[in-house]
Amino acid sequence: MQQGHQTWVFQNKPAILATAVVGGPFEAEGPLAEDFDLLHGDLWLGQDSYEKAEKKMLEEACEAAIRKAGLQKQDIQFFLGGDLMNQIISSSFAARTLAVPFLGLYGACSTSMEGLALASLIVDSRAGRNVLCGTSSHNSAAEKQYRYPTEYGSQKPPTAQWTVTAAGAALLDREGDGPKVTSATIGRVVDMGVSDPFNMGGAMAPAAVDTITAHFRDLGVAARDYDLIATGDLGKVGYKIARDLLKKHNPAIPDEIFTDCGLLIYGEDQPAVLAGGSGCGCSASVVYGHIMNRLNKGELKKVLIVATGALLSPLSYQQKESIPCIAHAVSIESNKP
Amino acid sequence: MSDKKRKKLTPVQQEYQTFARAREPGRPVLFNCLKAFLVGGGICFLGQGVQDFFLWNFDFTEKTAGDPTVAVMVLLAVILTVAGVYDHIAQWAGAGTAVPVTGFANSMAASAMEHRTEGFVLGVGGKMFKLAGSVIVFGVFAAFIIGLLKTGIAMLGGF
Amino acid sequence: MEAYFWAFIVGGLICVVGQLLFDVGRFTPAHTMSILVVAGAVLDGLGLYEPLIDFAGAGATVPITSFGNALVHGALTEAENTGLIGILTGIFEVTSAGISAAIIFGFLAALFFKPKG
């Protein structure tokens, strides 16, 4: 049911039956390694290309989520997937393997919550059962497509981020033993004229702030109603900007409950990530792995995930366009007392 | 160049960008220049050694020793690219590795290797010049214009 | 030995110009290299690059600016011999070593090696 301008409240509270997260070698060295279902030591996953490796990861995450829920592929009614690759081939090809009715999505790095919001809407409105949503990203595939060949010697500035090599999937149904999705706020495209593809955080922060503000306004809630508010991949730079923007314009979010998935996924001992993690797999792996585990343990009761995406293409940048961004917010509640 | 873009922004956008800029880590320009100087100078130092090697041990003159020297530098850059270390050195050295001809070679080898998954003809062959193409195009075109100008001026009575 | 010193200094300084184009000018590597190549061509047109090579040796021949210089040189030398058409025919005479080497070794690299990611 719609509440306010751009928020859906899910009266029937779809349950997240199971989630699964698959990661790459770099993620295996990070602080959240324990929260991954599967970690690969080979960036190629034994495949012929980076793109095929990403597809394989997403397939593995989807299949693991289905298995963990005690179901089979045939039980899944809809699959919503998206990724960073041109024409979202990772998701389309994973959907081919799953052989499930498929809705392809593109929200750049906000795809995880875009998928979760839509999957929840389908389940909540009785339009489907056992709905799977997933997303993925691969560092080398993303670098090859959006920036430079992986062995090319370009010097990245300190605002640059590291695309996470990971895939995350979540399976939802009407009822079940798992955290509940309670609401989703769909973001608007916000463009503050930032045009540096090596500074995604600076470009995306305003979109995150816009959606967070809309969420609080539509539902009449405040930051303190949540135990954790996590943005998708603003990184060090975007996180700082978003935090200060929120303080300046209200509602301020207390530092102890405000965090960013791009900051959580890698450690201080991984300086190559510069400003932090990014990519669809960033928010997906942190939320469907680490945060989901904490919700299941009852450590967190109510969380708000705000996945952020930069909607540029290599071509738009070359044509001197700035970077429009978007952020989608989904609130999840633990079902532990 | 970045200022020209800023003028086309609305006041809200300009205000945001100022806000954001204040919260971004600045680029360590001085330190980057120092690193570029050291590594770039070092590569040229090495190049001088390679050139002298060819001068003394082979039948090259000062003029013709340039060719094998460049070829050796290109080979070195490709070897480092293949070993997967060129990009790590470049992250540190910046223009120090990009400006010498090694940067040119690395851009071609990296593109060729990366696009092998698209096949040898369309991938390696078609995309090898993805990054280096602009250098060749602009170099040739500039040489053409300058050649025309100089020859034209000489023909019209000299400078 | 003096040649080595100046090779280091001049080569280093040209790289610093490149670094400033990266960090202050905020140009991409492709833009920066194109600017430097054109600069080399212009300097040779003004008769300034050859003296720099005499002075700094590899410090002037190794940076990408020398590519622009070599292209103009080839064009002008040929133009002296065969007239205006020499500008077109002469351009690649002096620079084929670098480009050929890059193509050949680049292709071999793609043939035998995979990127490390």
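Everything that follows concerns the structure shown earlier in this document.
Residues numbered from 1 in each chain as written. Chains lettered and ligands numbered in written order. Predicted model: local features only at pLDDT ≥ 70, side-chain atom pairs only at ≥ 80, totals over all residues. Heavy atoms only, no water.

Overview of the pairing of strand E5 (residues 78–83) of chain A
Successive residues of a regular strand alternate their side chains across the two faces of the sheet. Residue and element names in this part refer to chain A. Most of E5 is tucked away, with five of its six residues classed as buried. Here six bridges tie E5 to strand E7 (residues 131–137), and the two strands are oriented parallel to one another. When the bridges of E7 are listed, Phe79 appears paired with Leu132. Across four bridges, the pairing between E5 and strand E6 (residues 102–105) is parallel. Paired with Phe79 across the two strands is Phe102, which belongs to E6. Handedness of the E5-helix H3 (residues 89–98)-E6 crossover: right-handed. (Buried < 20%, exposed > 50% of the residue type's maximum accessible area, 1.4 Å probe, protein only. Helix = DSSP H or I, 4+ residues; strand = E, 2+ residues; numbered from the N terminus. Pairing = 2+ DSSP bridges. Right-handed = clockwise from strand over helix to strand, strands pointing away.)

What about the side chain of A:Thr19?
Residue and element names in this part refer to chain A. Position of Thr19 relative to the elements: it lies in strand E3 (residues 15–23). For Thr19, the side chain forms a polar contact with the main-chain oxygen of Tyr288, separated by 2.7 Å. If sequence neighbours within four positions are ignored, Thr19 has contacts with Asp37, Ala65, Lys68, Ala169, Ala170, Tyr288 and Met292. (Polar contact = N/O pair within 3.5 Å; in protein donor to acceptor, adjacent residues only side chain to side chain. Contact = heavy atoms within 4.5 Å.)

What to know about the interface of chain B and chain C
With 68 residues of chain B at the contact, the number on the chain C side is 68 residues. Counting each side, the surface lost to burial between chain B and chain C is near 5600 Å², with a carbon and sulfur contribution of 78%. One salt bridge in this structure joins C:Asp23 and B:Arg27, with 3.4 Å as the shortest N-O distance. For the pair chain B and chain C, the number of links is twelve residue pairs in polar contact (both at pLDDT 80 or more). Breaking the side of chain B that touches chain C down by element, the ones donating at least two residues are helix H3 (29–57), helix H4 (66–82), helix H5 (86–93), helix H6 (95–98), helix H7 (101–114), helix H8 (120–127) and helix H9 (133–155) of chain B. When residues in the side of chain B that touches chain C are grouped by element, the largest group, 17 residues, is from H3(B). The residue makeup of the side of chain B that touches chain C, split by class, is 44 nonpolar, 16 polar and eight charged. (Buried area = accessible area lost by both parts, 1.4 Å probe. Salt bridge = Lys/Arg side-chain N within 4 Å of Asp/Glu carboxyl O. Nonpolar A, V, L, I, M, F, W, Y, C, P; charged D, E, K, R; others polar.)

Examining the pattern of salt bridges
In the structure shown here, the tally under the stated rule is 23 salt bridges over all chains. Where A:Glu59 meets A:Lys55, a salt bridge forms, and the shortest distance between an N and an O atom there is 3.9 Å. One end of the pair, A:Glu59, and the other, A:Lys55, are both in helix H2 (residues 50–68), four residues apart, so they sit about a helical turn from each other. The salt bridge involving B:Arg21 is made with B:Glu24; its shortest N-O contact spans 3.8 Å. Within this structure, A:Glu51, A:Lys144, B:Glu118 and B:Lys127 form a network of salt bridges that share partners.

Some words on the interface of chain B and chain A
Contacts between the two partners involve 35 residues from chain B, matched on the other side by 34 residues from chain A. Both sides together, the interface formed by chain B and chain A hides about 2800 Å², and carbon and sulfur atoms give 58% of it. Taken as a group, B:Tyr16, B:Arg23 and B:Glu114 account for 24% of the area that chain B buries against chain A, more than any other trio of residues on that side. In this assembly, chain B and chain A are joined by three salt bridges. With a closest N to O distance of 3.5 Å, B:Glu15 and A:Lys248 form a salt bridge. The tally of links between chain B and chain A comes to 14 residue pairs in polar contact (both at pLDDT 80 or more). Mapped onto the side of chain B that touches chain A, the elements with two or more residues apiece are helix H2 (11–21), H5 and H7 of chain B.

Some details on empty space enclosed by the protein
Counted according to the given criterion, the structure contains one cavity of 30 Å³ or more. Here the largest cavity is characterised by a volume of approximately 140 Å³. Residue lining of the largest cavity: 16 residues in total, with A:Tyr152, B:Gly103, B:Phe104, B:Ser107 and C:Met33 positioned closest to the centre. Elements with a contribution of two residues or more to the lining of the largest cavity: H6 and H7 of chain B together with helix H2 (29–45) of chain C. Take the lining of the largest cavity: its biggest share by element is four residues, from H7(B). Counted by class, the lining of the largest cavity contains eleven nonpolar, five polar and no charged residues. (1 Å grid on protein atoms, 1.4 Å probe; cavity = no way out; pocket = protein on both sides within 12 Å on 5 of 7 lines; lining within 4 Å. Points joined across faces, edges and corners; volume = space filled by probe spheres on them.)

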